[in-house]
Amino acid sequence: MRAIILSIGDELTLGQTVDTNSAWISRQLAAVGCNAVRHLTVGDAQSDIESAIRDAVPLCDFLICSGGIGPTEDDLTRQALAAVMGMELELDAAWMARLEEFFRKLNRPMSPLNSIQAMVPRGATLIENTVGTAAGITATIQASADRATSLHGVPLECRIFCMPGVPKEMKVMFTRDVLPHVQAAGGGAVILSRTLHTFGMGESNVADLLKAHGDLMQRDRNPSVGTTVSEGVVSLRLNARFPSADQAARELNATEASCRAALGDLIYGQDHQTLPAVVAGLLFEDPLARKWAPAVATAESCTGGLLAKYLTDIPGSSRYFRQGYITYQNEAKTNLIGVPAELLAEHGAVSEPVAEAMAKGAQCQSGAAFALAITGIAGPGGGTLTKPVGTVCIALASPQRVQVRTFVFSGDREMIRDRSAKMALTLLRFQLLGKPVPF
Ligand code: AMP
Ligand code: MG
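As the structure is a computational prediction, the values presented were derived from the model and not from experiment.

Draft legend 1. Spotlight on the sheet that holds strand S16 (residues 391–397). Here 5 strands make up an open sheet; going across it, the order is S14-S13-S15-S16-S17 and the pairing mixed. Bordering the open sheet on either side are strand S14 (321–326) and strand S17 (402–408), each of which pairs with just one other strand. Within this sheet the neighbouring strands show an average axis-to-axis angle of 15°, counted without direction. Bridge count between strand S15 (residues 370–376) and S16: 6 bridges; the pairing is antiparallel. Bridge assignment links Gly 376 to a residue of S16, and that residue is Val 392.

Draft legend 2. Quick peek at the packing of aromatic side chains. Applying the stated criterion across every chain yields a total of 5 aromatic pairs. Note on Phe 62 and Phe 161: the rings are 6.4 Å apart at their centroids and 25° apart in plane angle, and the pair reads as stacked. You can see Phe 62 sitting in strand S3 (residues 62–66) and its partner Phe 161 sitting in strand S8 (residues 157–163), a full 99 residues away along the chain. A residue is classified by how much of its surface remains accessible, and Phe 62, at 6% relative accessible area, is buried. With 5.6 Å between their ring centres and 15° between their planes, Phe 407 and Phe 409 make a pair best called stacked. Comparing Phe 407 with Phe 409 shows no difference in burial state: the two are buried. Residue placement shows Arg 429 over the ring face of Phe 430; its charged tip is 4.9 Å from the ring centre.

Draft legend 3. Quick peek at the nonpolar core. The biggest cluster of nonpolar side chains holds 37 residues, and the ones touching the most others in it are Leu 307, Phe 370, Ile 394 and Leu 428. At the level of secondary structure, the elements contributing two or more residues to this core comprise helix H10 (275–285), helix H12 (306–312), S15, S16 and helix H16 (413–433). Top element by residues in this core is H16. It accounts for 8 residues. Each residue touching Leu 307, except ones within four places of it in the same chain, is listed here: Thr 298, Glu 300, Leu 372, Ile 374, Ala 421, Ala 424 and Leu 425.

Draft legend 4. Representation of the pairing of strand S10 (residues 224–230) within the structure. In this sheet, strand S11 (residues 233–242) lies alongside S10 in antiparallel orientation, the contact comprising 7 bridges. Considered in S11, the bridge of Gly 226 is made with Arg 237.

Draft legend 5. Spotlight on a negative patch on the surface. On the surface, Asp 10, Glu 11, Glu 73 and Asp 74 cluster together into a negatively charged patch. Residue position: Glu 11 is located in helix H1 (residues 10–13). On the basis of relative accessible area, Glu 11 is assigned to the partly exposed category, the value being 32%.

What counts and how
- Residues numbered from 1 in each chain as written.
- Chains lettered and ligands numbered in written order.
- Predicted model: local features only at pLDDT ≥ 70, side-chain atom pairs only at ≥ 80, totals over all residues.
- Heavy atoms only, no water.
- Pairing = 2+ DSSP bridges.
- Helix = DSSP H or I, 4+ residues; strand = E, 2+ residues; numbered from the N terminus.
- Axes fitted to C-alpha atoms, helices over the stretch in contact; angles between N-to-C directions.
- Phe/Tyr/Trp six-rings, centres within 6.5 Å; stacked < 30°, edge-to-face > 60°.
- Buried < 20%, exposed > 50% of the residue type's maximum accessible area, 1.4 Å probe, protein only.
- Lys NZ or Arg CZ within 6 Å of the ring centre and 35° of its normal.
- Core = buried A, V, L, I, M, F, W, Y, C linked by side-chain atoms within 4.5 Å.
- Contact = heavy atoms within 4.5 Å.
- Patch = residues over 30% accessible without salt bridge, like charges linked within 9 Å, V, L, I, M, F, W, Y side chains within 5 Å.
- Areas by Shrake-Rupley, 256 points an atom, 1.4 Å probe, with all protein chains shown as cover.
- Salt bridge = Lys/Arg side-chain N within 4 Å of Asp/Glu carboxyl O.
- Lys, Arg positive; Asp, Glu negative; His and termini not counted.
- Charge placed at Lys NZ, Arg CZ, Asp CG, Glu CD.

In structure tokens form, the structure reads like this:
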């Protein structure tokens, strides 16, 4: 079952309002096994609405529209639908009576403009609006003769629903009067989704690992596995589409197990879990950390406290976060955490020996079990041939050892700082897991 979602309004195409309706509708459709294959957005011009409807009808079982059914001159969805259907608009006397009653109760005169809201293309039906004055409209549009031959396997008719744009009104109408039709047509198919998050490897490297492991990203696989990247986090999106919720859940679990087998501990969490929350969880449960609690200190140069911010984003972080040093200038690195001036002079502030000395110094000064240190070049200036912008040295001092690594992150200043802090959290995470960093 295929659906197309059409959002209508100049405020959307002008970028003044973000189209949240389509995302919400898509999620509702997915839950009943209906695939939203396109999101379309057009402005309030009738000709654009008409052509969007005409183009979409042959491609889907359900065309779900929102916006443009208000009482004003820029609300032209009903006129566009009537034109596509080749039908006149005619008065729905019952809805007209409802409108008159509505305004009588408010003790306000009804504007003549409102009467358009009781007009419906012949052959279409109004959908009740219990929240506002804009009734919805639904109609079934038959396929043209050539459609059956040109589009193989696509159903012969499209059911169209036009709803108000106001999200609150749309949601009530959709849930009560649209979704049940979609559900009934779908034979009860269900889509269940899960997202698994990784940090540290590029999207294509993650894809390679998934491919090597039973071709998990194969396009027509069910459950499907796709990747997306946001703020350095590469996420796997798993979607399982099956006739029953039980089967979808079973298949989703099996695919998740395969993804975990392919990527191992590179997967740090799922769905709404964040990297700091996962690290916090490990610190809370780590007996070693508990013994030394509070367990973590930070020494930051180029991230200016961002790592400490991430570590303290978590409620209850005083149980593990002892203190942070922001040692931006060389003098601070020496005065606050004892980085030898000679080391800075010899290797430069952005170097592995300095990162290591920062971590050891923070660990020693604070008495924390773990200390993370970050020193790097966040840019845009300050890069050299041997140390380009994005070069960041990260050290982790643990009770048993100190490890230090150099990374070269790409992106602007904000991205480099963010990736540095997340990488430091990642090093700590693998240390707490007792596993080697897999990249
Ligand atoms: P309309 O039904 O076209 O009069 O839309 C009324 C209001 O609903 C608009 O002014 C927007 O603020 C809001 N709206 C319309 N379409 C959307 C949409 N796709 N997503 C979020 N808000 C919307
Ligand atoms: Mg509008």
